[in-house]
Amino acid sequence: MNKECHTVLIAAAALVMSCPGVVHADEADVGISSGNVGLRPLPRTKAIDHSHNHGGSWAGTPTFEEQHGKYPFVAEHLDVVKDWLEGDFKTKRMFFEWYWGLSEARDDLDPEKNALVKEIRKWETRGGVIEHILICREYRLAIHHGHAEAKPGPFKEDTRMLFAEDVDNIRALFRQAHAKGLLKSADYKLIQMVENPSFFAEDPRARAIIAKMDGVAYEAHQFNRHWPLETGWSKPAPVVRGAQWALDQGKEYIFYYGPIIWKSEQYYEFIERDWLYKYWKAGLPKHHPRMHYYLNTFPHAHGRGRPVGPESDPHSVLGLTKWLIEEIKMKP
């Protein structure tokens, strides 16, 4: 090759490498695309949710139904929604939470009787597409809320984790239900919902369970033992360790954020955004195809005073959702 041709080839290669539309092999998994932004819309309607009492009565709280037509951006761009297909959201992709181990009857491995199969079937017959099932053994709370048969998982460090046998049974259940025509798929993404932000990544026994799952979901609240951020249960360092380990294993990770506080002694303007900025600064991946951000903004305590919308109000739930979509999906 003569010197002139060699120079031309080098110049051409440099041009290709500098082109922003070119995806290099080592960038294919990180930094180029982003995961889902999801929302748990509560209260949905007065009829469905105003009778609830979680962290205080929900009676009279603002509803998503009342915001009809007032969130066109979120309606268009939200990726995944929880437990509600009657809103303005264009997506039919859904996620939901599921508690395994509450009772033997609920967990009956006959697909005709199993409660989880019935839940999936309910949403699929309404046109929903199940994206993620956030699943755990919710023993610590359930045993005090009427579920006398509830059993914890195998680890005292995080009783939410499933047994290996649980995962195998659920996978087999899906296959059988699909074969009988009860479900549209023979498998679904099982996301282990954890209570401890890093135990699942640090203990070899727990790692073996996660290996059977499709990913991990961690709930980061702004209430109770999660407060304050710097020293609370959800302080950034262990959250980041857990998330990065899960992604390194090829698993999906859901940062399930909320409930979030509203006007109170601890509140300052845009605290919900500030915490996310601090997580990102600490190293929580922001733009990664398997890193998902789901807002869990149910009306807990004084958090129930936060307006639901419209999305033009930056302090509202829908305003926060709009901001998060822009941060995750529309900023490089």
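Residues numbered from 1 in each chain as written. Predicted model: local features only at pLDDT ≥ 70, side-chain atom pairs only at ≥ 80, totals over all residues. Heavy atoms only, no water.

A. Highlighting the layout of surface pockets. Size it by volume and the largest pocket reaches roughly 1,300 Å³. Considering the residues around the largest pocket, the lining is formed by 40 residues, among which Arg40, His54, Glu97, Tyr99 and Leu141 are closest to the centre. When residues of the lining of the largest pocket are traced back to their parent elements, those giving at least two are strand E3 (93-99), helix H5 (139-142) and strand E6 (215-220). Here the lining of the largest pocket is built from residues that sort into 15 nonpolar, eleven polar and 14 charged. Empty space within the second largest pocket amounts to approximately 250 Å³. (1 Å grid on protein atoms, 1.4 Å probe; cavity = no way out; pocket = protein on both sides within 12 Å on 5 of 7 lines; lining within 4 Å. Points joined across faces, edges and corners; volume = space filled by probe spheres on them. Helix = DSSP H or I, 4+ residues; strand = E, 2+ residues; numbered from the N terminus. Nonpolar A, V, L, I, M, F, W, Y, C, P; charged D, E, K, R; others polar.)

B. Representation of the pairing of strand E5 (residues 190-194) in the model. Most of E5 sits out of view: five of its five residues are buried. Looking at chain direction, strand E4 (residues 129-136) and E5 are connected through three bridges and run parallel. Each bridged residue has a counterpart across the sheet, and for isoleucine 133 the counterpart in E5 is leucine 190. Of the strand pairs in this sheet, E5 and E6 are connected by four bridges, and their pairing is parallel. Following the sheet pairing, glutamine 192 is matched in E6 by valine 216. (Buried < 20%, exposed > 50% of the residue type's maximum accessible area, 1.4 Å probe, protein only. Pairing = 2+ DSSP bridges.)

C. A look at the sheet that holds E4. Pairing is parallel around the closed barrel formed by eight strands, whose spatial order is E1-E2-E3-E4-E5-E6-E7-E8. For this sheet, the mean inter-axis angle between neighbouring strands, taken without regard to orientation, is 25 degrees. The strands touched by helix H4 (residues 115-125) are E3 and E4; relative to E3, the strand with the most contacts, the crossing angle is about 160 degrees. Packed onto the sheet, helix H6 (residues 164-179) meets E4 and E5 and runs at close to 145 degrees relative to E5. (Axes fitted to C-alpha atoms, helices over the stretch in contact; angles between N-to-C directions. Contact = heavy atoms within 4.5 Å.)

D. Representation of H4. Of all the positions in H4, only Ala115, Leu116, Val117, Glu119, Ile120, Trp123 and Glu124 are classed as buried. If you follow the buried residues of H4, they end up packed against E3, E4 and H6. For H4, the capping residue at the N-terminal end is asparagine 114, with a side-chain oxygen 2.9 Å from the backbone nitrogen of leucine 116. Positive backbone phi, approximately 100 degrees, marks glycine 127, located one or two places after H4. (Polar contact = N/O pair within 3.5 Å; in protein donor to acceptor, adjacent residues only side chain to side chain.)

E. Region of the structure containing the packing of aromatic side chains. The final tally for this structure, using the stated rule, is 17 aromatic pairs. Consider the rings of tyrosine 71 and phenylalanine 89, whose centres lie 5.2 Å apart with planes at 45 degrees: the pair is tilted. Of the two residues, tyrosine 71 sits in the loop between helix H2 (46-49) and helix H3 (72-77) while phenylalanine 89 sits in the loop between strand E2 (80-82) and E3, which places them 18 residues apart along the sequence. Here tyrosine 71 falls in the buried class, since its relative accessible area comes to 1%. Three or more aromatic residues link up through ring pairs in this structure, and these residues are Phe255, Tyr257, Tyr277, Tyr279, Trp280, Tyr293 and Trp323. The ring of tryptophan 233 is capped by arginine 225, whose NZ or CZ atom sits 4.1 Å from the centre of that ring. Here the guanidinium or amino end of arginine 273 rests over the ring plane of phenylalanine 270, the centre of that ring lying 4.3 Å away. (Phe/Tyr/Trp six-rings, centres within 6.5 Å; stacked < 30°, edge-to-face > 60°. Lys NZ or Arg CZ within 6 Å of the ring centre and 35° of its normal.)

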